[in-house]
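In case you want the letters, here they are:
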Amino acid sequence: MSITISRRSMMLGAALVPLGVGAKAFDNALPLRLGTVPTRIYRSVFNPRENMDGWVFFLMLEASEDGPLIPVSLRIAYHAAGEVVREEVVRGPLLAAMARQDISPARLTGDAPDPPAYWPQALRIHCYLPHAPMIQELGLQLRVADGSGIEHQVEARIPIIDFQQRAALIFPFRGPGIISQAGVLGGGHRNRSGGFAIDALGLDENHGPMRAPGSDRPQDYAGWGRPIIAPGTGVVVRARNDRPDQPRDGVSDPAYFAPEYPGGGDVGNYIVIDHGEGEFSLIAHLRLGSVRVRTGDRVAQAQPIGELGNSGDTSGPHIHYQLQDGPRWEYADGLPVRFANVSNLTRGSYFNAR
Ligand SMILES: [Zn+2]
C-alpha cells in the first residue's frame, strides 16, 4: 500500500498562554494523563463517493496538580492492520496553533471529573484523508515542559470507532430542502454535542427558498411552518414551546434569546427524543407555540411534533438537528447520524425527503 506521509493537522489561531501562577517544577512521577473531548472518537463518513473520512477531537492533558505545562512536541502514529501506516510529529508554532485552553471535559451530567484534576492544555487533532476507514487507532505521544523547563512525556492510544447507529431514523421534515450547515469536519458546528449536527432549510418544489420573491420576512420562507416529524420512535425527554421567533430575516437578535443564553447558542423551542441505547435526537428553532408534545410523551416515527420556525439563536427559518449520547446538549457528545431517506448531509446539499 502507498500512504503519503504529510501533515494534516488543523490549526486554530489560539496563542499559548501558561496557566497557573509562577514557574514550578512538576514531580517527574506526577501522573499526567491524556483524555479526549468528546469521550469517544467516531469516524465521520464525510464523502463516501471519494472515500474521504476523518475525525476531529480535543486531546486533553490532565494533571493532578495545577501549574503551567507547555506542549513541546506531539507525535501521532496512525495504526491500521497492526502496523503504523502514517506518522507525523508536530512542534513549535504549529503545535502552539493547535492548542486551546477553553475546552471543558465535563461529564454528561455537567459535573467536572473528580478533583484534583486540571486541564492545562487541549490540542485540537483534525484528520481528513482518503482511505481513513483503515485507520483503527491513533498512538499519541505528547511532551510537555513544566514551569522549570523540565520535560515530561505522556502517551495514549485512541481508538477510532465506526459508530453503529441503533435507531432507525428519517429526516425530521418531508419535502425539498438544503443543508445550510453541517458538522465540524465541513467547517460547521464546532461545539461538543454538535460535531455532526446539521442545519436544514425547507425549500419549495422548485428548490427556491422564498414563497414571495423579494420578501425578507421569515414567514415568507418556503420552509416556514413546515411540519416537523419525529425522526424515530422514542420518548420526549425535554421540550420547550414558549420562545418568540426572531422577526427579522438575516439577524439573530440577542434580544430574542432566552435569559440563560446571553452569549448565543439558544436552541429556542426544541424537542429532545430518547430513542434508547444512548441515542437522543435534538430538533431546535421550532416556531413559537407549535410544539405539540410534552416531556414523557411517547412518539412514533413520522408523527408530527412541531413546526419549522425561527426561535432562539438563528438568522433565518431552519431546523437544527443533532444526534447526541445524552439528553443535555450542553454536555452530551455528538453522534454521526444516518437517515434512511436523505443520504448526503454535507453543507450545500439539496435533498427531497420522501
Ligand atoms: Zn445549527
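Residues numbered from 1 in each chain as written. Predicted model: local features only at pLDDT ≥ 70, side-chain atom pairs only at ≥ 80, totals over all residues. Heavy atoms only, no water.

1. Examining the coordination of the zinc ion
Coordination of the zinc ion by the protein comes from H189 (NE2), D199 (OD) and H320 (ND1), over a distance range of 1.9 to 2.1 Å. When the donor residues of the zinc ion are listed from N- to C-terminus, their spacing reads H-x9-D-x120-H. Linking D199 in strand 12 (residues 198–202) with H320 in strand 19 (residues 319–324), this pair joins segments that are 121 residues apart in sequence. Of the residues examined, D199 reaches a relative accessible area of 7% and is grouped as buried. Residue H320 is classed as buried on the basis of its relative accessible area of 10%. (Donors = N, O, S within 2.8 Å, 3.2 Å for Na, K, Ca; no water. Helix = DSSP H or I, 4+ residues; strand = E, 2+ residues; numbered from the N terminus. Buried < 20%, exposed > 50% of the residue type's maximum accessible area, 1.4 Å probe, protein only.)

2. Re unusual backbone geometry
Backbone torsion omega between V37 and P38 reads 0 degrees, so that peptide bond is classified as cis. Residue placement: P38 occurs in the loop between strand 1 (32–37) and strand 2 (41–42). Even without glycine at this site, A81 takes up a positive phi of about 50 degrees. With respect to the helices and strands, the residue A81 is situated in the loop between strand 5 (69–80) and strand 6 (83–91). Residue classification places A81 among the exposed residues on the basis of a relative accessible area of 66%. A positive phi angle, close to 65 degrees, is found at H207, a residue other than glycine. You can call H207 partly exposed: its relative accessible area is 32%.

3. Section: the sheet that holds strand 2
If you trace the five strands from one edge of the open sheet to the other, you get 2-10-9-5-6, paired in mixed fashion. Strand pairing shows two members of the sheet lacking a second neighbour, strand 2 and strand 6, which therefore form its edges. Sheet analysis places strand 5 next to strand 6, joined by eight bridges and oriented antiparallel. Of the residues in strand 6, the one forming a bridge with H79 is V84. (Pairing = 2+ DSSP bridges.)

4. A few points about the environment of L34
As for its placement among the helices and strands, L34 is situated in strand 1. Residues L34 and L59, 25 residues apart in the sequence, show an inter-C-alpha distance of 6.6 Å.

5. Topic: the side chain of N310
Turning to its location among the elements, N310 is positioned in the loop between strand 18 (304–307) and strand 19. A distance of 2.9 Å separates the side chain of N310 from the side chain of T314, its partner in a polar contact. (Polar contact = N/O pair within 3.5 Å; in protein donor to acceptor, adjacent residues only side chain to side chain.)

6. What about the pairing of strand 16 (residues 280–286)?
Counting buried residues along strand 16, seven of its seven residues qualify, which places the element largely inside the surrounding structure. Sheet topology places strand 15 (residues 269–274) next to strand 16; six bridges connect them, and they run antiparallel. Across the sheet, residue I271 finds its bridge partner in strand 16, namely I283. Counted along the chain from strand 15 to the antiparallel partner strand 16, the turn is five residues long, and its residue G276 has a positive phi close to 85 degrees. Relative to strand 19, strand 16 is paired through five bridges, and the arrangement is antiparallel. Considered in strand 19, the bridge of I283 is made with Y321.

7. Some points on the packing of aromatic side chains
One pass over the structure, following the stated rule, counts eight aromatic pairs. Ring geometry for W55 and Y78: centres 6.5 Å apart, planes at 40 degrees, overall tilted. Here Y78 lies in strand 5 and W55 lies in strand 4 (residues 52–63), a separation of 23 residues in the sequence. The same class applies to W55 and to Y78, which are both buried. Judged by centre distance (5.1 Å) and plane angle (85 degrees), the ring pair of F171 and F173 falls under edge-to-face. Taking the relative accessible area as the measure of exposure, F171 reaches 0% and is therefore buried. Classification of F173 by relative accessible area gives buried; the value is 0%. Here the aromatic cluster, defined as three or more aromatic residues joined through ring pairs, consists of F171, F173, Y321, F339 and F351. (Phe/Tyr/Trp six-rings, centres within 6.5 Å; stacked < 30°, edge-to-face > 60°.)

8. Some thoughts on the confidence of the model for the protein chain
Looking at the protein chain, the pLDDT average stands at 86 and 85% of residues meet or exceed 70. Across residues 1–23, where pLDDT falls below 50, the model places 56 contacts with residues more than four positions away in sequence or in other chains. (pLDDT = per-residue confidence, 0-100. Contact = heavy atoms within 4.5 Å.)

9. Focus: the pattern of salt bridges
In the structure shown here, the tally under the stated rule is 15 salt bridges. For the salt bridge of D325 with R40, the shortest nitrogen-to-oxygen distance reads 3.9 Å. With D325 in the loop between strand 19 and strand 20 (334–335) and R40 in the loop between strand 1 and strand 2, the pair connects residues that are 285 residues apart, well separated along the chain. Classification of R40 by relative accessible area gives partly exposed; the value is 41%. In this structure, E87 and R75 form a salt bridge, with 2.3 Å as the shortest nitrogen-oxygen distance. On the criterion of sequence distance, the pair formed by E87 in strand 6 and R75 in strand 5 is long-range, its members being 12 residues apart. Its relative accessible area of 35% is what places E87 among the partly exposed residues. Judged by its relative accessible area of 25%, R75 is partly exposed. One salt-bridge network, held together by shared partners, links R238, R328 and E330. (Salt bridge = Lys/Arg side-chain N within 4 Å of Asp/Glu carboxyl O.)

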